[in-house]
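Chain and residue survey
The lines below spell out each chain.
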Amino acid sequence: MLKDSWGRSITYLRVSVTDRCNLRCVYCMPPEGIRLLPHDAILRYEEIVEVVRCAAEHGVREVRLTGGEPLTRPNLPALVGMLAAIPGIQDISLTTNALLLERFALPLAEAGLKRVNISLDTLRPERFARITRGGSFEQAWRGILAAEAAGLAPIKINVVAMRGVNEDEFPELARLAVDHPWQVRFIEVMPIKNESPWGEDLPNSETAFIPIGEVQERLASLSLEPLDEKSGPGPAREYRIPGGLGRIGFISPVSEHFCATCNRLRLTSDGFLRPC
Ligand code: SAM
Ligand code: SF4
């Protein structure tokens, strides 16, 4: 079984299937996008499968597909099908901006995808377009509903908490977990290398940063009840809203590291393994 030099068991592999994306979220990419890898530098599906097969032989049980935007890579359901057939792999999930999910949710579920994490920082279409530099909220929302209809569960909604951008919507976003069996997770914004300005009238990752404790304070009116003390792997501390169908999670990569319980390894789209 895989153990790292700190004695942590590695059971989870996060696979980036592409460096390309159909959005340009302000906290993630510059407006012109990033310098892309040449196509022949990107792992072929057969090569990803080979790495995952080897990882599974060494104790990896969960695979998460991510990017860039993983659904921009042609025929992702075919990869999911190949991964689902690997002995030992028990859980395959996807992190996506949901824009292409309306088209792919059902074929992905049929191929063996179990669940999705969806990035959604606002419920206001104009604001969505500003944060993502041009994305359609309605298209993303249709993608979320398609994921639910396809039986992908639980649906986790990732909200990057940003001062001066979406802080006025935290209670509204959290209430998605009242009416839907979804987990809404608030995430601290992380500084990225070579950050370019977010745009006119927008902050940057430093001034937008809100410590997760403050996000929790802003949700005090919802009377959140903590679920079991955080113990196992996975970065979120979880709560329920009384009477709600879903859950609320808080992820604090900056103010309170969760490295001690980390069980992850990452495979980059060009085939490098990284611990974080
Ligand atoms: N394109 C997919 C998506 O947006 O869900 C998958 C890749 S994206 C890099 C994965 C997650 O990282 C998203 O939930 C996004 O919100 C988050 N993310 C990107 N840049 C971030 C930053 N600077 N701070 C915090 N979270 C960030
Ligand atoms: Fe980054 Fe995901 Fe936004 Fe694309 S959709 S810019 S990968 S956070």
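A short tour of the structure in this document, coming up. This structure is a prediction, so every number in the text was calculated from the model and none was measured.

1. Some points on the side chain of E169
Topologically, E169 is positioned in the loop between β5 (155–161) and α6 (170–174). Every residue in contact with E169, bar those within four places of it in the chain, is listed here: T122, L123, R124 and R127.

2. Some remarks on helix α5 (residues 137–149)
Taking 1.5 Å of rise per residue, the 13 residues of α5 would be expected to cover 18 Å, and the 18 Å separating its terminal C-alpha atoms lies within 8% of that figure. Taken together, the buried positions of α5 are occupied by F137, A140, G143, I144, A146 and A147. In this structure, the buried residues of α5 make contact with α3 (101–111), β4 (115–119), α4 (125–132) and β5. G151 lies just past α5 and shows a positive phi near 85°.

3. Considerations on the pairing of strand β2 (residues 62–66)
Where burial is concerned, most of β2 is hidden: four out of the five residues are buried. Pairing of strand β1 (residues 12–16) with β2 involves five bridges; the strand directions are parallel. The residue of β2 that forms the bridge with Y12 is E62. A crossover links β1 with its parallel partner β2, the connecting element being helix α1 (residues 45–57), and its sense is right-handed. Here β2 runs beside strand β3 (residues 91–96); their pairing, made up of four bridges, is parallel. In the sheet register, E62 faces β3, and the bridge partner there is D91.

4. Focus: the site of ligand 1
In the vicinity of ligand 1, 15 residues are found, and the nearest of them are Y27, G68, E69, S119 and M190. Note that a nitrogen atom of ligand 1 is positioned 3.0 Å from one of the backbone N or O atoms of G68. A total of 540 Å² of accessible area belongs to ligand 1 in isolation, and the protein chains cover 87% of it. For the shell around ligand 1, the elements supplying multiple residues, two or more each, are β3 and β5. Classifying every residue of the shell around ligand 1 gives six nonpolar, seven polar and two charged.

5. Digging into the sheet that holds β5
Overall, mixed pairing links the 11 strands, which are arranged β7-β8-β9-β6-β5-β4-β3-β2-β1-β10-β11 in an open sheet. The open sheet has two free edges, formed respectively by β7 (225–226) and β11 (273–274), since each of these has just one partner strand. Bridging between β7 and strand β8 (residues 237–240) involves two bridges; their strand directions are antiparallel. When the sheet's bridge partners are listed, E225 is paired in β8 with R240. Relative to the sheet, α5 contacts β4 and β5, its axis offset from that of β5 by approximately 150°.

6. Some details on helix α2 (residues 76–84)
Of all the residues in α2, the buried ones are L76, P77, L79, V80 and L83. In an axial view of α2, the angular spread of the buried residues amounts to 155°, which keeps them on one side of the axis. Structurally, α2 contributes buried residues whose contacts are with α1, β2, β3 and α3.

7. Focus: the site of ligand 2
Ligand 2 sits among C21, L23, C25, C28, G68 and N97. The residue inventory of the shell around ligand 2, partitioned by class, reads four nonpolar, two polar and no charged.

8. A look at the nonpolar core
The tendency in soluble globular proteins is for nonpolar side chains to be buried side by side. Counting residues in hydrophobic clusters, the biggest one holds 76 residues, and the most contacted among them are L65 and F186. The dominant element in this core, judged by the number of residues it contributes, is α1, at six residues. Among all residues touching L65, those that are not within four sequence positions of it are V15, V17, P70, L76, L79, V80, L83, S93, L94 and T95.

9. A few points about the packing of aromatic side chains
All chains considered together, the criterion is met by seven aromatic pairs. Between Y239 and F250, the ring centres sit 5.4 Å apart and the planes meet at 80°, which makes this aromatic pair edge-to-face. A residue pair is termed long-range when its members are at least 10 positions apart, and Y239 in strand β8 and F250 in strand β9 (residues 247–251) qualify at 11 residues. As far as the burial class goes, Y239 and F250 line up, both buried. Grouping aromatic residues by their ring pairs yields a cluster made of F128, F137, W141 and W182.

Calculation notes
- Residues numbered from 1 in each chain as written.
- Chains lettered and ligands numbered in written order.
- Predicted model: local features only at pLDDT ≥ 70, side-chain atom pairs only at ≥ 80, totals over all residues.
- Heavy atoms only, no water.
- Helix = DSSP H or I, 4+ residues; strand = E, 2+ residues; numbered from the N terminus.
- Contact = heavy atoms within 4.5 Å.
- Expected span 1.5 Å × (residues − 1).
- Buried < 20%, exposed > 50% of the residue type's maximum accessible area, 1.4 Å probe, protein only.
- Pairing = 2+ DSSP bridges.
- Right-handed = clockwise from strand over helix to strand, strands pointing away.
- Near = heavy atom within 4 Å.
- Polar contact = N/O pair within 3.5 Å; in protein donor to acceptor, adjacent residues only side chain to side chain.
- Areas by Shrake-Rupley, 256 points an atom, 1.4 Å probe, with all protein chains shown as cover.
- Nonpolar A, V, L, I, M, F, W, Y, C, P; charged D, E, K, R; others polar.
- Axes fitted to C-alpha atoms, helices over the stretch in contact; angles between N-to-C directions.
- Arc of directions from axis to C-beta.
- Core = buried A, V, L, I, M, F, W, Y, C linked by side-chain atoms within 4.5 Å.
- Phe/Tyr/Trp six-rings, centres within 6.5 Å; stacked < 30°, edge-to-face > 60°.

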